[in-house]
Amino acid sequence: MTIMPIVVTGATGQLGRLTVEALLRRGMPTADIIATGRDIARIKDLADRGVTVRRADFADGDGLAEAFAGADRLLLISASVPVGERFANHRRVIDAAASAGVSQVVYTSTTHADTATTVIGATHGETERYLRDRGIPNVLLRNGWYLENYLGQLPQILHNGAVVGAAGEGRISAASRADYAEAAAVVLTTEGHTGAVYELGGDESFTLTELAAAISAAAGRKVSYADLPVNDLAQALAAAGLPAELASVLADADRGMSRGEMYTDSGHLRHLIGRPPVTLAGALAAALEG
């Protein structure tokens, strides 16, 4: 295929940055990668390496159209804003992509977004429907939970000797950000994906009870799982310093996990990246060594 300019939104964030790096590893010419974000000072090093860097604020529709000018494909990484503002931001990006003549939008959604009952799932489902209604050729990357969501909690988990959640025995198909980014880069640089819906997650799912056991094995310290009612988890997260809205959204995500909304056995991630995704055990070992 002839590789045309590709826009990566949210390149100043973790998944966006990893996707840019994955595109570079796949041999994408630096000038044909358009890395965007609100604070482009954070990606000055990419500009220094020849990547095209443009400012893009999801709240500024006119500016978005300018940022996307000349692009063939666009990766819309779901906005890291309060959940109530997310869809409006996504709608502006999609409209701007249409105005700029983008031929395909690749969207990072969430597992089972079409049936998910969570607050997070609802915003992704709304975005998916808008993409379809706008008639823009698209690919849906329904990313599961990040392993890093738990790895980042390791110091606190080990200190308390407990994983705290409200997911019951729901199974979670988590994967690493780097693996999700690799899948996005594959879709952006190869043909045959238009209209596809990929349910992405790790090959080895786990419950939070199994997560606690895996941490115990990796760290050599006893860790158990404390399963709380959803409201109690929200209160505990808020008491730990999270904003009340975020605490509620995360507790609601655990409720979705208890219903199987973060589980997939599709094998789509392995298929796209051409290898087994990073496992929980591997990720824990790397995090504890670091």
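Here the structure is shown first, and the text comes after it.
Per chain, residues are indexed from 1 in the order of the written sequence. In keeping with the model being predicted, local features are shown solely for residues with a pLDDT of at least 70 and side-chain atom pairs are shown and tallied solely at 80 or more, while totals for entire chains, interfaces and linings include all residues. Based on all heavy atoms of the structure, the side-chain values leave hydrogens and waters out of the count.

Here's the deal with the packing of aromatic side chains
So, point 1. Two aromatic rings from Phe, Tyr or Trp, using only the six-membered ring of Trp, form a pair when their centres are within 6.5 Å; if the ring planes differ by under 30 degrees the pair is stacked, by over 60 it is edge-to-face, and anything between is tilted. Taken as a whole and assessed by the stated rule, the structure comprises three aromatic pairs.
So, point 2. Seen in terms of ring centroids, Tyr150 and Phe206 are 6.1 Å apart; in terms of plane orientation they differ by 70°. Their pairing is edge-to-face. Pair noted here: Tyr150 is in helix α6 (residues 148-151) and Phe206 is in the loop between β8 (197-200) and α9 (208-219), with a separation of 56 residues, a long-range link. Assigned by exposure class, Tyr150 and Phe206 land together as buried.
So, point 3. The lysine or arginine in question, Arg177, covers the ring of Tyr146, its NZ or CZ lying 4.4 Å from the ring centre. Strands here are runs of E lasting at least two residues and helices are runs of H or I lasting at least four, both read from the DSSP assignment and numbered beginning at the N terminus. Only protein chains enter the accessibility calculation, which uses a 1.4 Å probe. A residue is then buried if its area is under 20% of the maximum for its type, exposed if over 50%, and partly exposed in between. Only when the NZ atom of a Lys or the CZ atom of an Arg is both within 6 Å of the ring centre and within 35 degrees of the ring normal do we say a charge sits over the ring.

Concerning the nonpolar core
So, point 1. For our purposes a nonpolar core is just a set of buried Ala, Val, Leu, Ile, Met, Phe, Trp, Tyr and Cys residues, chained together by side-chain atoms within 4.5 Å. In this structure, Val8, Val20, Leu23, Leu141, Tyr198 and Leu200 are the most contacted members of the largest nonpolar core, which totals 34 residues.
So, point 2. Looking at this core, the elements with two or more residues in it are β1 (6-8), α1 (14-25), β2 (33-37), β4 (73-77), β6 (138-143), α8 (177-189), β8 and α12 (268-273).
So, point 3. Looking at which element gives the most residues to this core, the answer is α8, with seven residues.
So, point 4. Every residue pair with non-hydrogen atoms within 4.5 Å of one another is taken to be in contact. In this structure Leu23 touches Ile6, Val8, Met28, Ile33, Ala185, Leu188 and Thr189, once residues within four positions along its chain are discounted.
So, point 5. Judged by nonpolar contacts, the second largest core, of 27 residues, contains Val83, Val163, Leu211 and Tyr225.

Considerations on the sheet that holds β6
So, point 1. Strands qualify as paired when DSSP identifies two bridges or more between them. Reading across from one edge, β3-β2-β1-β4-β5-β6-β8 is the order of the seven strands in this open sheet, with parallel pairing throughout. Each edge of the open sheet is held by one strand with a lone partner, namely β3 (52-55) and β8. When strand polarity is set aside, the average angle formed by the axes of neighbouring strands in this sheet is 20°.
So, point 2. Relative to β4, β1 is paired through three bridges, and the arrangement is parallel. Among the inter-strand pairings, Ile6 is bridged to a residue of β4, identified as Arg73.
So, point 3. Interaxial angle, 0 to 180 degrees, is taken between N-to-C directions of lines fitted to C-alpha atoms, where a helix line uses only the stretch in contact. Against the sheet, α1 contacts β1, β2, β4, β5 (104-110) and β6, and its axis sits at roughly 150° relative to β1.
So, point 4. On top of the sheet, helix α5 (residues 119-134) reaches β5 and β6; it is set at about 160° to β5, its chief contact.

Quick notes on the pairing of β6
So, point 1. The buried count for β6 comes to six of six residues, which makes it a mostly enclosed element.
So, point 2. The sheet contact formed by β5 and β6 spans six bridges and is parallel. Within β6, the position partnered with Tyr107 by the bridge is Leu140.
So, point 3. When the strands point away from the viewer and the connection leading from the first strand across the helix to the second strand turns clockwise, the crossover is called right-handed. Handedness of the β5-α5-β6 crossover: right-handed.
So, point 4. Looking at chain direction, β6 and β8 are connected through four bridges and run parallel. Bridge pairing in β8 links Leu141 to Tyr198.

Overview of the packing of helix α10 (residues 230-239) against helix α11 (residues 244-258)
So, point 1. Their axes nearest at 8 Å, the elements α10 and α11 cross at an angle of 145°. At the point where α10 passes α11, the crossing takes the right-handed sense. Where α10 abuts α11, its residues Val230, Leu233, Ala234, Leu237 and Ala238 lie against Ala247, Ser248, Leu250, Ala251, Asp252, Asp254 and Arg255.
So, point 2. Each residue receives one of three labels: charged for Asp, Glu, Lys and Arg, nonpolar for Ala, Val, Leu, Ile, Met, Phe, Trp, Tyr, Cys and Pro, and polar for the others, Gly being one of them. Looking at the contact of α10 with α11 residue by residue, the classes come out as eight nonpolar, one polar and three charged. For any pair of crossing helices, the crossing counts as left-handed if the nearer helix is rotated counterclockwise from the farther one by less than a right angle, and right-handed if it is rotated clockwise.

Digging into the pattern of salt bridges
Side chains that carry opposite charge are capable of pairing whenever their charged atoms lie near each other.
So, point 1. Salt bridges, as used here, are contacts in which a Lys or Arg side-chain nitrogen is within 4 Å of a carboxyl oxygen on Asp or Glu. Taken as a whole and assessed by the stated rule, the structure comprises 18 salt bridges.
So, point 2. A salt bridge links Arg275 to Asp179, with the shortest nitrogen-to-oxygen separation between them at 2.6 Å. Separated by 96 residues along the polypeptide, Arg275 in the loop between α12 and α13 (280-289) and Asp179 in helix α8 bring together distant segments of the chain.
So, point 3. Residue Asp252 is joined to Arg255 by a salt bridge in which the shortest nitrogen-to-oxygen separation is 2.8 Å. Within this pair, Asp252 and its partner Arg255 are both found in helix α11, separated by three residues, close to a single helical turn.
So, point 4. The buried category is assigned to Asp252, whose relative accessible area is 12%.
So, point 5. Here the residues in one salt-bridge network are Arg17, Glu21, Asp45 and Arg49, joined through shared partners.

A look at α11
So, point 1. A helix is expected to span 1.5 Å for every residue after the first. Over its 15 residues, α11 runs 21 Å from end to end, which matches the ideal 21 Å to within 8%, given 1.5 Å per residue.
So, point 2. Listed as buried for α11 are Ala247, Val249, Ala251, Asp252, Ala253, Asp254, Gly256 and Met257.
So, point 3. The elements touched by buried residues of α11 are α4 (83-99), α5, α6, β7 (162-165), α9 and α10.

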